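Listed below are the residues making up each chain.
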Amino acid sequence: MATYVIVGAGLAGGKAAQTLRDEGFDGDIVLIGAERERPYERPPLSKGYLHGKSEREKIFVHEPGWYDEHRVLLRTGVSATRLDLDAHHVELSDGTRQPYDKLLIATGARPRTLPGPARYLRTVGDSEALKAAFAGGGSVLVVGAGWIGLETAAAARAAGCQVTVIEPAPTPLHRPLGPELGEVFARVHRRNGVDLRLGTGVAEVTAEGVRLSTGERLAADVVVAGVGAAPNIELGREAGLEVADGILTDASLRTSHPDVYAAGDVAESHHPLYGRRLRVEHWANALNGGPAAARAMLGQEVVYDRVPYFFTDQFELGMEFSGDIEGYDEVVYRGSVDDLEFIAFWLRQGRVVAAMNVNVWDVVGELQQQIRSGAVVDVKELQAGAPVGFRSSGGGSS
């Protein structure tokens, strides 16, 4: 009987195990996770759970008994230390060896770190510690105005903290959204009392706060670093798999070894829509990539070409983003940017490559279809468009 092993017990790994059973695989499934928790979803850690609006049990991918009921051997608190491609086994941190017929690497990513006593937000324990720290009010300094940094800043402000965000780029979210939409997020945060220090780096984190690249010192009760993530590629790289920014795969999520696959944050996969490899760190990629890899492991014809998708809720701004802005040369708006009820379209040579709906819902399918079409658009028609949808007090898809 075949044994399929999944290294990485996060959302991608948990969903891959589920898909193997749903698709009729009757062999052994071993799911290995370095954390002691069973698989859980990470977006609530910087959103509802950090705000205290979501219960802990709601973050988990499956109920506690699901793994035993579906004959999935879940091994938590143990990590993979070495992969032997020739012998088809994984060496584990407890000294044991786990043989496999096919292997999925879903080891995710880890926060990039700063020297000094900064806090990070990656695990459920991190989220709980920050929630407790924010509950007392006080001053919070966030290093990095990316998604994690801004969501953490919003949660700290909601808890009554005084918040400063330090970012070396000229706008928040400069790399994923560009300066035009980055400025929109800057206005929202400033309007809600966040002190944004843009174009400024951090030279040192101390017990009292930070020293900026300008030499200025800022005191803070809590320093949170949100300076990006590094994919956990070491297992694959040391085994001889092809790697770059992530573990390289084809469009079926197969690595350079025919019996090894990769999915989620760690995978840098060929994307047929963009004609190049992408490494996507968003929740939807883990949610959909794990099942796609599982089907490919079963020998099904798989082409994983999902449009990259992300959502966030920060203060009065709720949004969903689809696509990839690389190489864009124009941004076009439909609706009212000032009222925060609009859709932004990123164009490259007249074609929509990305879109973001802000406080406008039930349009993601339409927007992704536009991106997939690759059609040259009439800008005036794009701006006019269909009815802009409706405003809601809720957030985007979750």
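Residues numbered from 1 in each chain as written. Predicted model: local features only at pLDDT ≥ 70, side-chain atom pairs only at ≥ 80, totals over all residues. Heavy atoms only, no water.

A. Up close: the overall build of the protein chain. Counting its secondary structure elements, the protein chain contains eleven helices and 25 strands. A globule of 398 residues ought to have a C-alpha radius of gyration of about 21 Å, and the protein chain, at 22 Å, matches this closely. Counting only C-alpha atoms and orienting by the principal axes, one finds that the protein chain spans roughly 60 × 55 × 35 Å. Here the protein chain holds 398 residues, and 54% of them are scored as buried. Once local pairs closer than 6 in sequence are excluded, the contacts in the protein chain between residues at least 24 apart make up 61%. Carbon and sulfur atoms form 46% of the exposed surface of the protein chain, whose accessible area is close to 16900 Å². (Helix = DSSP H or I, 4+ residues; strand = E, 2+ residues; numbered from the N terminus. Rg over C-alpha atoms; globule rule 2.2 N^0.38 Å. Buried < 20%, exposed > 50% of the residue type's maximum accessible area, 1.4 Å probe, protein only. Contact = heavy atoms within 4.5 Å. Areas by Shrake-Rupley, 256 points an atom, 1.4 Å probe, with all protein chains shown as cover.)

B. Here's a closer look at the pairing of strand E5 (residues 89–92). Here E5 shows no split at all, with His89 and Glu91 on one side and Val90 and Leu92 on the other all buried. Relative to E5, strand E4 (residues 80–84) is paired through four bridges, and the arrangement is antiparallel. From the neighbouring strand, Leu83 faces E5, where its bridge partner is Val90. The pairing of E5 with strand E6 (residues 97–99) spans three bridges and is antiparallel. (Pairing = 2+ DSSP bridges.)

C. The arrangement of the packing of aromatic side chains in detail. Summed over the entire model, instances satisfying the criterion amount to nine aromatic pairs. Put simply, the rings of Trp147, Phe185, Trp283, Phe310 and Phe311 touch in pairs and so form one group of aromatic residues. A cation over a ring is seen here: Lys47 above Phe311, with NZ or CZ 4.7 Å from the ring centre. (Phe/Tyr/Trp six-rings, centres within 6.5 Å; stacked < 30°, edge-to-face > 60°. Lys NZ or Arg CZ within 6 Å of the ring centre and 35° of its normal.)

D. A look at the sheet that holds strand E15 (residues 222–225). Strand order across the open sheet formed by four strands is E11-E10-E9-E15, with parallel pairing between neighbours. Each edge of the open sheet carries a strand with a single partner, namely strand E11 (195–198) and E15. Ignoring which end each strand starts from, the neighbouring axes of this sheet average 15° apart. Relative to strand E10 (residues 162–167), strand E9 (residues 139–143) runs parallel, the two sharing five bridges. Residue pairing for E10: Val143 is matched across the bridge by Ile166. Strands in contact with helix H6 (residues 147–158) are E9, E10 and E15; relative to E10, the strand with the most contacts, it is inclined by about 165°. (Axes fitted to C-alpha atoms, helices over the stretch in contact; angles between N-to-C directions.)

E. The sheet that holds E6, seen in detail. Strand order in this open sheet of three strands is E4-E5-E6, and the pairing throughout is antiparallel. The open sheet terminates on both sides in strands that have one partner only, identified here as E4 and E6. Neighbouring strand axes in the sheet, compared pairwise and without regard to direction, differ in orientation by 25° on average.

F. Spotlight on helix H7 (residues 174–191). Given a rise of 1.5 Å per residue, 18 residues ought to cover 26 Å, yet the end C-alpha atoms of H7 are separated by just 19 Å, more than 12% below that figure. Taken as a whole, H7 has its buried residues at Leu177, Gly178, Leu181, Gly182, Val184, Phe185, Ala186, Val188 and His189. Looking one or two residues beyond H7, the residue adopting positive phi is Gly193, at roughly 90°. (Expected span 1.5 Å × (residues − 1).)

G. Quick peek at the packing of H6 against H7. In contact at an axis separation of 12 Å, H6 and H7 are set at 10° when each is read in the N-to-C sense. By the criterion of interaxial angle, the relationship of H6 to H7 is roughly parallel. Taken together, the residues of H7 that come into contact with H6 (itself represented by Trp147, Leu150, Ala153 and Ala154) are Pro176, Leu177, Phe185 and His189. Its residues placed into classes, the contact of H6 with H7 shows seven nonpolar, one polar and no charged. (Parallel < 35°, antiparallel > 145°, perpendicular 65-115°, else oblique. Nonpolar A, V, L, I, M, F, W, Y, C, P; charged D, E, K, R; others polar.)

H. Molecular detail of the pattern of salt bridges. For the structure on display, the rule yields 23 salt bridges. For the salt bridge of Glu57 with Arg38, the shortest nitrogen-to-oxygen distance reads 3.0 Å. Placement of the pair is Glu57 in the loop between helix H3 (48–51) and helix H4 (66–69) and Arg38 in the loop between strand E2 (28–33) and helix H2 (43–46), with a sequence separation of 19 residues. Across the salt bridge formed by Arg82 and Glu91, the nearest N and O atoms sit 3.0 Å from each other. Owing to a relative accessible area of 41%, Arg82 belongs among the partly exposed residues under this scheme. Each member of the salt-bridge network shares a partner with another, and the members are Arg82, Asp84, Glu91 and Arg97. (Salt bridge = Lys/Arg side-chain N within 4 Å of Asp/Glu carboxyl O.)

I. Molecular detail of the pairing of strand E24 (residues 341–348). Most of E24 is tucked away: six of the eight residues are buried. In sequence, strand E23 (residues 330–336) turns back onto E24 through a hairpin of four residues, with Leu340 there showing a positive phi of about 55°. Judged from the seven bridges that link them, E24 and strand E25 (residues 351–358) form a sheet pairing that is antiparallel. Bridging from a neighbouring strand, Ile343 pairs with Asn357 of E25. The antiparallel hairpin formed by E24 and E25 contains two residues in its connecting segment, where Gln349 sits at a positive phi of about 55°.

J. How the structure looks around the packing of helix H1 (residues 11–22) against helix H9 (residues 283–297). Look at H1 against H9: their axes get within 7 Å of each other, and the N-to-C directions meet at 35°. Remark: the crossing between H1 and H9 carries right-handed chirality. Between H1, through Leu11, Ala12, Lys15, Ala16, Thr19 and Leu20, and H9, the contact on the second element is made entirely by Trp283, Ala286, Leu287, Gly290, Pro291, Ala294 and Arg295. When its residues are assigned to classes, the contact of H1 with H9 shows nine nonpolar, two polar and two charged. (Left-handed = near helix turned anticlockwise from the far one by under 90°.)

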